[in-house]
Amino acid sequence: MKTSQPIDAFGRDLSQEVKESVYSSSKAKYDKRIGALNAGYIAPDSLRKLAGQIKQHTLENLPSYLESAIGKLEANGAKVHYAKDGEEANATILGIMNAAGATKLIKSKSMVSEEIHLNAFLENNGCESVESDLGEFIVQLDHDMPSHIVTPIVHKNRQQIATTFEKMGLGDYNDDPTTITRRARTYLRKKYLEAEVGLTGANFVSAESGRIVLVTNEGNARFSICANRIHIVLVGIEKLVPRDKDLALFLNLLARSATGQQLTVYTQFINGPKAPDQIDGPGEMHVVFLDNGRSEILAGEFQSILRCIRCGACLNVCPVYRQTSGHAYRAVYPGPVGAVLSPLLAGKRYPEFADLPKASSLCGACNEVCPVDIPLPELLLRHRNKSKLEHIQKASAGTPPLGGWAVLCSTPSMWKSTLTLGKVMDYVPMKLVPVPAVQAWTQTRTLPPFRGGKFRGWYKEHRKHDSGNNQ
Amino acid sequence: MDQQCFLDNIRAAVARNAKPSPTPLPEWDPAMVTSQLAPDTDSDSASLWETFCQRFRAVNGQTIEGIGPLIALLLNADAKHGYLAPELNGPLAGPLQNAGITLESAIDTTRIDDYAFGITRAAGIIAETGSVVINESSTPSRLGALAPWIHVTLIDANTKVFATLVDAIKDLGDEPYVVFATGPSKTADVEGILIEGVHGPGMQICLRL
């Protein structure tokens, strides 16, 4: 099928194998989410509305909540750093490592570190940076990109993974998932023990206590702050929640929305460096707060996207994501959240990603599943409007000129006359209409017979009839 | 970037987007967030334990009562050498050693895979979620509770029993590090197939004495 939109073209060329894997995995996660929410709550919708309100309130009062968290973190013995962008964040992390004479870092899954390309930066500066989440580790070995926020290798099968492991010297070819997992366990164990620094993200930061909250199923974030002497937390400014008590709400929603679990296997609450009599764990803790375009988003019409808690539920439900996979979005954050967030985080490169908000049928499912009630369809429409106003060509790729249609819709007399001629549509061979978008549409669809134009007459008649009865 | 500049940028951004009706911080009742799987609020300790066992088993955890079943479980899993937190020597070291099981009271990281099991004290359990609470006070070695394939947490009269997740979070206190462990370490990264024992324990056991 001929298509001018990059995301459509990506989906068209995607192998059937990947398409099926993405579809079945997304559907399974979607079903598990519903099951977990309904098993837990009579009215789960009220929880996500509440969570959305708390996050929205936090964003509107972010400076005071950040100040509170910073004060608590420092009082708890952490050193707090501030990075305007990725470059500053990377330099800060390298600076911490250099000051400690450290060259080896083990890293638990962190989307924000993907956003600033931390691994590549550290490697270019003579440091080792190893991903410890199984999926992210495989992505790193393959020099690939994650294709889902929660399950990064949903686009890979066991044979591809086994081939990579064999190539990288992790054992002879063996595509048994248990063997693959055990080999990663053995290999990464050495890396945990060798690393001087453990880097994690943060799922939430409590403004009330400064507590960093981390969730993982594998235990890699636990191991990343077990055998090493320095812990670095890299966190976007939007991860704050006002109170410790709010964590119960968000943890319940995050696990159910992301993986359909009641609670993620390991939920860690980190309140500073290790206790003095604790044998293992970092005696030094650094927290790097990252802006990287977030304050610009905070100031504008897309503010509510910063409520996102990175559960991936909007990806799993999205009909476009299911057909195209995460790589189609060409950025760290795929799916509906990525279609809103990626153009904004791109800054001056906004036009490069201006086509992403078109990758939606605006069905509204993403908003319905969002645990913090982000009005994603509305934000997508705002992007389309912004691109139109700024004359960004990429945003209108594949869109037929709609100027005539706009005049027709906004001129009642013209609309009325056109409807009386609507029947003519039944006899126009649509495939011959020289508009690529119409041809692409009609290649796999037929228009139903025209049945419009009758409402005005019907309404007029009934109004007359009703007025007669009322007299 | 210094703190002042960093926060000033954010203050300016928030000011530029000030809403005519700011969103208030909602108060919420713990009952709203507590799931239907939680025990009744007036549950006695026996029914809290019962709910915990059900929820813990639902996430593939195992509960055992008494030292005899612990020895049987370890021998059955061919786990004959492991880590025992020093403060648990009193009740456990003798019976385990008499059964031919050897123990160490510290983890030597050069022999990390020598420890087939680790036994530490649980700071608490959460009935609603089937979670074990591990903190710095209860667990002198983070590695002892994480690196071995089998992790056994001891539950006794000193262990706090929380009915709900909300209650457990309320009790975090000043502990620098707390973990809620809800079953064995797991992944479904490879084709969505569930595999247990990725980086942490493949078996999570609760031992009640």
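Residues numbered from 1 in each chain as written. Chains lettered and ligands numbered in written order. Predicted model: local features only at pLDDT ≥ 70, side-chain atom pairs only at ≥ 80, totals over all residues. Heavy atoms only, no water.

## Overview of the overall build of chain A
Line of reasoning, step 1. Per the secondary structure count, chain A includes 22 helices and 10 strands.
Line of reasoning, step 2. Expressed along its principal axes, the backbone C-alpha trace of chain A runs to roughly 90 × 55 × 45 Å.
Line of reasoning, step 3. Classification of the 471 residues of chain A by burial places 57% in the buried group.
Line of reasoning, step 4. Accessible surface, chain A: about 19,600 Å² in total, of which carbon and sulfur atoms supply 56%.
Line of reasoning, step 5. With 56 positive and 47 negative side-chain charges, chain A shows a separation of 8 Å between the mean positions of the two kinds. (Helix = DSSP H or I, 4+ residues; strand = E, 2+ residues; numbered from the N terminus. Buried < 20%, exposed > 50% of the residue type's maximum accessible area, 1.4 Å probe, protein only. Areas by Shrake-Rupley, 256 points an atom, 1.4 Å probe, with all protein chains shown as cover. Lys, Arg positive; Asp, Glu negative; His and termini not counted. Charge placed at Lys NZ, Arg CZ, Asp CG, Glu CD.)

## Concerning the overall build of chain B
Line of reasoning, step 1. A count of helical and extended segments in chain B gives 6 helices and 12 strands.
Line of reasoning, step 2. The C-alpha atoms of chain B give a radius of gyration of 21 Å, which is well past the 17 Å a tight globule of 209 residues would have.
Line of reasoning, step 3. With the C-alpha coordinates of chain B rotated into their principal frame, the extents come out at 75 × 45 × 40 Å.
Line of reasoning, step 4. Buried positions account for 56% of the 209 residues belonging to chain B.
Line of reasoning, step 5. When the accessible surface of chain B is summed, it comes to about 8,400 Å², and 51% of that surface belongs to carbon and sulfur atoms.
Line of reasoning, step 6. When the 13 basic and 25 acidic side-chain charges of chain B are each reduced to a single mean position, those positions are 4 Å apart. (Rg over C-alpha atoms; globule rule 2.2 N^0.38 Å.)

## Focus: the environment of B:Pro86
Residues and elements named next belong to chain B.
Line of reasoning, step 1. On the secondary structure map, Pro86 appears in the loop between strand 2 (81-84) and helix 5 (89-98).
Line of reasoning, step 2. Spatially, the C-alpha atom of Pro86 lies 8.5 Å from that of Pro140, the residues being 54 residues apart in sequence.
Line of reasoning, step 3. If we ignore the near neighbours within four places in the chain, the residues touching Pro86 are Ser105 and Pro140. (Contact = heavy atoms within 4.5 Å.)

## Notes on the packing of helix 9 (residues 158-167) of chain A against helix 10 (residues 177-194) of chain A
Residue and element names in this part refer to chain A.
Line of reasoning, step 1. One way to put it is that helix 9 packs onto helix 10 with a least axis distance of 10 Å and a crossing angle of 35 degrees. In the packing of helix 9 onto helix 10, the handedness of the crossing is left-handed. Where helix 9 approaches helix 10, its residues Arg158, Ile161, Ala162 and Phe165 are matched on the opposing element by Pro177, Ile180, Arg183 and Ala184. (Axes fitted to C-alpha atoms, helices over the stretch in contact; angles between N-to-C directions. Left-handed = near helix turned anticlockwise from the far one by under 90°.)

## Re the packing of helix 8 (residues 134-141) of chain A against helix 9 of chain A
All names here are of chain A.
Line of reasoning, step 1. For the pair helix 8 and helix 9, the least separation of the axes is 10 Å and the interaxial angle reads 60 degrees. For the pair helix 8 and helix 9, the sense of crossing is left-handed. Contacts between helix 8 and helix 9 pair Phe137, Ile138 and Leu141 from the former with Ile161, Thr164 and Phe165 from the latter.
Line of reasoning, step 2. For the contact of helix 8 with helix 9, a count of residues per class yields 5 nonpolar, 1 polar and no charged. (Nonpolar A, V, L, I, M, F, W, Y, C, P; charged D, E, K, R; others polar.)

## Some remarks on the pattern of salt bridges
Line of reasoning, step 1. Under the definition given, this model contains 38 salt bridges over all chains.
Line of reasoning, step 2. When the shortest N-O distance is used, the salt bridge between A:Lys191 and A:Glu128 registers 3.2 Å. With a gap of 63 residues between them, A:Lys191 in helix 10 and A:Glu128 in strand 3 (residues 128-131) connect regions that are remote in the sequence.
Line of reasoning, step 3. We classify A:Glu128 as partly exposed; its relative accessible area is 27%.
Line of reasoning, step 4. Ionic pairing is found between B:Asp114 and B:Arg111, a salt bridge with its closest N-O pair at 3.3 Å.
Line of reasoning, step 5. Among the residues examined, B:Arg111 registers a relative accessible area of 30% and is labelled partly exposed. (Salt bridge = Lys/Arg side-chain N within 4 Å of Asp/Glu carboxyl O.)

## A closer look at the nonpolar core
Line of reasoning, step 1. With 133 residues, the main nonpolar core has A:Leu249, A:Leu251, A:Phe289, A:Ile305 and B:Phe180 as its most contacted residues.
Line of reasoning, step 2. Ranked by the residues each element gives to this core, the list is headed by helix 12 (residues 244-259) of chain A, at 8 residues.
Line of reasoning, step 3. When we break this core down by domain, the ones giving at least three residues each are domain 1 (6-12 + 296-396) and domain 2 (43-292) of chain A.
Line of reasoning, step 4. Residues contacting A:Leu249, with those up to four places away along its chain left out, are A:Leu47, A:Leu50, A:Ala51, A:Ile54, B:Trp28 and B:Val33.
Line of reasoning, step 5. With 47 residues, the next largest nonpolar core counts A:Phe165, B:Ala79, B:Tyr115 and B:Ala147 among its residues. (Core = buried A, V, L, I, M, F, W, Y, C linked by side-chain atoms within 4.5 Å. Domains from an automatic or database assignment.)

## Topic: the interface of chain B and chain A
Line of reasoning, step 1. Contact with chain B, which involves 76 residues of that partner, is made by 99 residues of chain A.
Line of reasoning, step 2. Of the roughly 7,300 Å² buried at the junction of chain B and chain A (both faces included), carbon and sulfur atoms supply 58%.
Line of reasoning, step 3. A per-residue breakdown of the area chain B buries against chain A is headed by B:Trp28, B:Asp189 and B:His199, which together make up 11% of the total.
Line of reasoning, step 4. Linking chain B with chain A are 6 salt bridges, by the criterion used here.
Line of reasoning, step 5. Summed over the shared surface of chain B and chain A, the number is 54 residue pairs in polar contact (both at pLDDT 80 or more).
Line of reasoning, step 6. Counting only elements with at least two residues in the side of chain B that touches chain A, the list comes to helix 1 (3-16), helix 2 (30-33), strand 6 (131-135), helix 6 (165-170), strand 9 (177-181), strand 10 (186-187) and strand 11 (195-196) of chain B.
Line of reasoning, step 7. By residue number, the principal contributor to the side of chain B that touches chain A is helix 1 of chain B, which donates 9 residues. (Buried area = accessible area lost by both parts, 1.4 Å probe. Polar contact = N/O pair within 3.5 Å; in protein donor to acceptor, adjacent residues only side chain to side chain.)

## A word on the domain arrangement of chain A
Line of reasoning, step 1. By domain assignment, chain A separates into domain 1 (6-12 + 296-396), domain 2 (43-292) and domain 3 (419-465).
Line of reasoning, step 2. In this structure, domain 1 of chain A and domain 3 of chain A have C-alpha centres spaced 31 Å apart.

## Focus on the packing of aromatic side chains
Residue and element names in this part refer to chain A.
Line of reasoning, step 1. As enumerated under the stated definition, the model contains 11 aromatic pairs over all chains in all.
Line of reasoning, step 2. Aromatic pair Phe137 and Phe165: ring centres 6.1 Å apart, planes at 70 degrees, arrangement edge-to-face. Of this pair, Phe137 sits in helix 8 while Phe165 sits in helix 9, and the two are 28 residues apart along the sequence.
Line of reasoning, step 3. Assessed through its relative accessible area of 2%, Phe137 is described here as buried.
Line of reasoning, step 4. Looking at Phe165, the relative accessible area reads 1%, which means it is buried.
Line of reasoning, step 5. Ring centres of Phe455 and Tyr459 lie 5.7 Å apart, and the angle between their planes is 20 degrees; on these two criteria the pair is classed as stacked. A residue pair is termed a helical-turn pair when its members lie 3 or 4 positions apart in one helix, as Phe455 and Tyr459 do in helix 22 (residues 455-470) at 4 residues.
Line of reasoning, step 6. The exposure class of Phe455 is exposed, given its relative accessible area of 55%.
Line of reasoning, step 7. The rings of Phe137, Phe165 and Tyr187 are connected pair by pair, giving a single aromatic cluster.
Line of reasoning, step 8. A cation over an aromatic ring shows up here: Arg322 above the ring of Tyr23, its NZ or CZ 5.4 Å from the ring centre. (Phe/Tyr/Trp six-rings, centres within 6.5 Å; stacked < 30°, edge-to-face > 60°. Lys NZ or Arg CZ within 6 Å of the ring centre and 35° of its normal.)

## Thoughts on the sheet that holds strand 8 (residues 160-162) of chain B
Line of reasoning, step 1. Pairing is mixed across the open sheet formed by 8 strands, whose spatial order is 8(A)-5(A)-6(A)-9(A)-9(B)-6(B)-5(B)-8(B). The open sheet has two edge strands, strand 8 (240-241) of chain A together with strand 8 of chain B, and neither has a second partner.
Line of reasoning, step 2. Bridge count between strand 9 (residues 266-270) of chain A and strand 9 of chain B: 5 bridges; the pairing is antiparallel. Counterpart to A:Phe269 in the pairing with strand 9 of chain B is B:Val178. (Pairing = 2+ DSSP bridges.)

## A closer look at a nonpolar patch on the surface
All names here are of chain A.
Line of reasoning, step 1. Taken together, the side chains of Leu421, Val424 and Val428 present a nonpolar region at the surface, about 260 Å² in accessible area.
Line of reasoning, step 2. Looking at where Leu421 falls in the secondary structure, it is placed in the loop between helix 20 (412-420) and helix 21 (436-443).
Line of reasoning, step 3. By relative accessible area, which is 57% here, Leu421 ends up exposed. (Patch = residues over 30% accessible without salt bridge, like charges linked within 9 Å, V, L, I, M, F, W, Y side chains within 5 Å.)

## Some remarks on the sheet that holds strand 1 (residues 79-83) of chain A
Residues and elements named next belong to chain A.
Line of reasoning, step 1. With parallel pairing, 6 strands are arranged side by side in an open sheet as 1-10-7-4-2-3. The outermost strands of the open sheet, each flanked by one partner alone, are strand 1 and strand 3. Looking at each pair of strands side by side, their axes are set apart by 20 degrees on average, direction ignored.

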